[in-house]
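# Residue-level structure breakdown
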Amino acid sequence: MQFVVLFLFSVPGCFGIVEFYPFGFSTGDDKVSKNDDGSSPEIPISTRFPFFNHQHDHLIVNTNGVISFLRTVSTFTPSPFPLDGDRRLVAIFWADVDTRKGGTVWYRESTDQSILDRATNEVRTYFPQFFRFQATWVFLATWDNVAFYGCSPCSKKNTFQEILITNGQHSFTIFNYDQIEWTTGTASQGDPRTGLGGTPAQVGFNAGDGKVFYVVNASRTRDILHVNHMSNIGIPGKFAFRIDAAEIGNGGCNTQGSLLISPRHGPMLGGQYLVISGPCMNLDDVIQIKYSYMQELFPCHRKSNYSSICITPIFNITGDITVNVIIRDNKGQEQHHTGLYTIVNPAVFKNPVKRHQPQNWINDHQHVISWDPFAFELRESERVHIHLFTIKEQSNNQLVWEKSTLHDNIARTLGTYTIQLQTEGYMAAIRVTAAMETDTDLSERGIWSEIFAVVPQHQKSQRFCQNWLRHEYHLSRVSSQNIPPCPCTLQQALMDTARYQPDPDCNMVTKIRDGNFNCLYRADAKHCVRLSVPGPRNSDNVCCYDFSGNLIDTRVKEGGSLQRYHYLGGERNIPYVSNFYYDVLPFLHCCRYYGTSSDVGLGGHSLYSECQDYLEFRKVSSCYNYIPPRPAGANGDPHIKTLDGFGYNFNGLGEFHFIISKNMSFESQIRFEQAKHSNGNTVNASVCTSFVARVTNASDTVEVILNSIRVADVLINGQIQDFSDVSWLRYDGTSIQTLTSSTFALFYQMNPFIRYTYQQIEAISTINGLLGDFDGNPSNDLLLPNGTVLEPNATEETIFFSFNNAWRIERNESLFTYPNGKSYDDYNNYFVRMFRPVFSSSVIHSATPNARALCGNNTDCLFDFHITGSLEIAQATLNFTDELQDAEDASVPVITCPVLESIKGGVWISNSTQENATARFKCGMDYLLIGNCLPKTCKNGKWTHEQKCLCEKITTTTLPSTPQMITPYSTAMLKTVYDTVKMMWYTVGGGIVIIIIIVFITSLLICFKMRSGREYMETNKGTPSYSESSNGYKRRTGRPPRPRGSFSSRSELSGRSLPRYSVHDNRAFGYMEAEDRYVDVPPQEHRRHDVLY
């Protein structure tokens, strides 16, 4: 009843000799001894071979034209597929071969590079979507001039060859046929002279479960005699199949034109090598591609009958788009084929161009990059160009990329190069571009670095910051209204994947940015999270946590804040680019690269006026009124923890409602199958093998299925997704993040939120199912659909017999994708429903000493170890229990106080805003505290007193021991003028008044510079040498000085005030305000930082 429809097409009137892979004694082949209905011995193979979703470490070459994996095949008459009894086999020509009458069966496995290269090229040609495939193992079996049983005379012979190919994850087979002169032995009612008639040969694949199979449709008919005229790839006598998955796949192209796009996803910045396959493409066809939201048609290059190459342009959106491929023949007739392509956000794409020491990338300096010289975008090009793309803001406030060439015609195989970074831009990306010309006007192909901030000279940072402040003044403020507050602790942030997701640029989970790239722009953070979906008006809230696990106050350390633009994009919001340009860069230029405060030796706190202005427009993140989610989950031989924290065991088999909202707005289902002991035998217990969920009529259906080859597969609407190049993909109403090879987080966009992750669920809704009703009362979580509530002390037996049918899904409710040959009935039939598990109460007391040593008194761990005999499963259960307990601890609501607002020149400093936290007021480095200011303590959600603390600007103190002299008069006067200009700049925004003021300032500065220049020459005469200054620095700080031009290390920055970067003679120096920042800076003309140039 279950079957798979297979096909082939013949090539009438065509017959050519297919080139076989080398075989015989000269190649080192073994041979099967002369026999009838025999086989080789069981052959251990050096790699695990995937076939029908199972891994195999041995195989058998059977004389009768079959390679089998579980048992020998001696049957001489081919039985019609499907077959059970573990007959998992590949039948290249299953018939009654008798090598005693003539011929030889040869075989060998090979890792010879020439064989691997040939196999690789064949797979890439016939399966263009696997254009990155690299064979690591090949097995060759050849039936050379073999005769049939009962032949007389034995003049009819057949020759055919089967090639098995794998890279360990995907596997393929090639069938090669030479002469085929007979189909049937006499024991199968064939003619002894012709070898025809009776029950002819069979070609195909069988899974061995009696359900799943794949057969060439000429099998067991007289037409199979002409299999050497047939093909599924258009080459007579040659077939190609993909065989690792549950469904056998055909190679080649097809006239129906189902479109395949590979890779299925790619970078927003474009330049990607895109392989288009599916439709057949003739030599004189003109091929073009159109992307749904763009009007332009882009040319593609035909590569073979099976595929063409297109190069993607730069996009300004992310997510799924429709791709239309137009194939125009020489008569002007067009075929249109459509498919889907996913544009990946730059934040989560794995970029093959790497910047070395990214924290030191200063403009007008040399820097090192490296790239993958074997990237497909660069293939067929021996040389490459290095291009710099920078973002420029046009007069209409649009952001556009501008390209410049840094270096050209560099050897591709170098893989690394020292570049000279020269740009007027603040935000850039590097592309290594293939230096090649084609016969079509293709877009440039290349590979990218991540988008990064260029560290400019000091004056440029000043200009960028002031321009941004002026622009923000005229915009509506970014409001925290209707935005969820931040989790208060790192543990809560890691748990709350309902409202927040890891920041791609700074996190300890996905580690999209490795090494020095992680937290590059939030130097004091260990982990950051941001809203899972954009907030009101596409806003965002970034919450960062220090190495103590506390929420960072960005006024004190580099952390998070509200953001005008969410990195996921939105209306008038280019994904990642807008957020980086309008939220990240302003922070860097106002708070890191440029500041106006100077240390006047009074030991004040590091406050910078521009940074405080920045935080007026990007408020610091707060966890005030934060309510953490509740964790829940299922693991092992299912040990279930409900949303209200009630734990119980349910060992049913089949498919069940996991979570279902009472209004049917969200539903998720879970599948349990029979567990296996470590020895391979099934046991009377169950294990979760699949999970599926969707927001009804609002999202794609997401399914996670365990896979023995790839650990787990993610399916979207029944289609397997490839996460090889990305860690995050967004779909309709949902997104998926890969945490590890076997851990996925699923996010759904809905209101109210209900979200599932691999180990956690949060729901704010009225729900029921195996995870309870989430009403805050764990005692009523053993709820049946009819409203009956089991007692919380109910036995496992009572729970099992009550839940086994009550929460089982019906056929018309199923969201699951069923493997070929299987259906709802296979997982929910009578025998499944009658399954009776072993209950933990019957085995706990018989735990072995080894189990006790591992599990202690953890009954879930003890039970899983006893049932499965697997230390790994027991350890995983123990780990899950600990993780769930940590999540439960973090889910306890904490009392918090609101963020204490800054005042001019001062800030309240505290390591948290939680209950009993203490805040102390500090004035900035050029401010003095007026009077006495008492600390505040957070009590019952309020700070203990309402005292107002004030700071006074210092205007009479000179800077000691500095290379330049600044008089109190000039300081006060220039600061007063600066404040006036800044106010006018903000409010007037242009016009003749501003021009007059700027002229006045310029005149003042000319006089000031002339005077300070004379003062500098006299002052410099008494300035100590660098070595002397270094000794003084060491005496004052207790630390040796940093070399000139060096940056503070990450360890130096941690837990201290904001790092500042100043540029002197095109060299950058990092300093902390707690230090004397003038000691290791070479003398130069002094320029006041609090004057707008």
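Structure shown above.
To start, this report covers the structure provided alongside it. Only a predicted model underlies this, so the values are computations on that prediction, with no experimental measurement involved. (Residues numbered from 1 in each chain as written. Predicted model: local features only at pLDDT ≥ 70, side-chain atom pairs only at ≥ 80, totals over all residues. Heavy atoms only, no water.)

### Some thoughts on the packing of aromatic side chains
Selection criterion: Here the aromatic set is Phe, Tyr and Trp, taking the six-membered ring for Trp, and pairing holds for ring centres within 6.5 Å; pairs whose planes are under 30 degrees apart are stacked, those over 60 apart are edge-to-face, and all others are tilted. Helix and strand definitions follow DSSP, with helices as H or I runs of at least four residues and strands as E runs of at least two, each counted in order from the N terminus. Type-normalised accessible area, obtained with a 1.4 Å probe on protein chains alone, sets the label of each residue: buried when under 20%, exposed when over 50%, and partly exposed for intermediate values. A ring is scored as having a charge over it whenever the NZ atom of a lysine or the CZ atom of an arginine sits within 6 Å of its centre and within 35 degrees of its normal.
A full pass over the atoms with the stated rule returns 57 aromatic pairs. Judged by centre distance (5.9 Å) and plane angle (0°), the rings of Phe49 and Phe69 are stacked. On the criterion of sequence distance, the pair formed by Phe49 in strand E3 (residues 43-51) and Phe69 in the loop between strand E5 (66-68) and strand E6 (89-94) is long-range, its members being 20 residues apart. With a relative accessible area of 0%, Phe49 lands in the buried category. Among the residues examined, Phe69 registers a relative accessible area of 0% and is labelled buried. Grouping aromatic residues by their ring pairs yields a cluster made of Phe93, Trp143, Phe148, Phe160, Phe175, Tyr177, Trp182, Phe205, Tyr214, Phe239 and Phe241. The ring of Tyr21 is capped by Arg118, whose NZ or CZ atom sits 3.8 Å from the centre of that ring. The cationic tip of Lys953 hangs over the ring face of Tyr927; the distance from NZ or CZ to the ring centre is 5.6 Å.

### Examining the packing of helix H10 (residues 859-868) against helix H11 (residues 871-890)
Under the convention used in this document: Orientation is described by axes fitted as lines to C-alpha atoms, over the contacting stretch for helices, and by angles from 0 to 180 degrees between their N-to-C directions. Here the angle decides the label: under 35 degrees means roughly parallel, over 145 means roughly antiparallel, 65 to 115 means roughly perpendicular, and every other value means oblique. Here a crossing is called left-handed whenever its near helix is offset anticlockwise from the far helix by less than a right angle, and right-handed whenever the offset is clockwise. Residue contacts are counted whenever heavy atoms from the two residues lie within 4.5 Å of one another. Amino acid classes used here: Ala, Val, Leu, Ile, Met, Phe, Trp, Tyr, Cys and Pro are nonpolar; Asp, Glu, Lys and Arg are charged; the rest, including Gly, are polar.
Remark: H10 packs on H11, axes separated minimally by 8 Å, with the N-to-C direction vectors making an angle of 165°. By the angle between their axes, H10 is roughly antiparallel relative to H11. You can see that H10 and H11 cross each other, and the crossing is right-handed. Residues Asp860, Cys861, Asp864, Phe865 and Thr868 of H10 form the contact with H11, whose participating residues are Leu871, Ile873, Ala874, Thr877 and Leu878. Residues of the contact of H10 with H11, tallied by class, amount to six nonpolar, two polar and two charged.

### A closer look at the sheet that holds strand E20 (residues 297-299)
Threshold: The pairing criterion for strands is at least two bridges between them, as found by DSSP.
Strand order in the open sheet formed by five strands is E17-E24-E23-E19-E20, with mixed pairing between adjacent strands. Each having just a single partner strand, strand E17 (265-267) and E20 make up the two edges of the open sheet. Averaged over all pairs of adjacent strands, the angle between strand axes in this sheet comes to 40°, irrespective of strand direction. In the sheet, E17 pairs with strand E24 (residues 334-344) via three bridges, with the strands oriented parallel. By the bridge assignment, Gly266 is partnered in E24 with Ile343.

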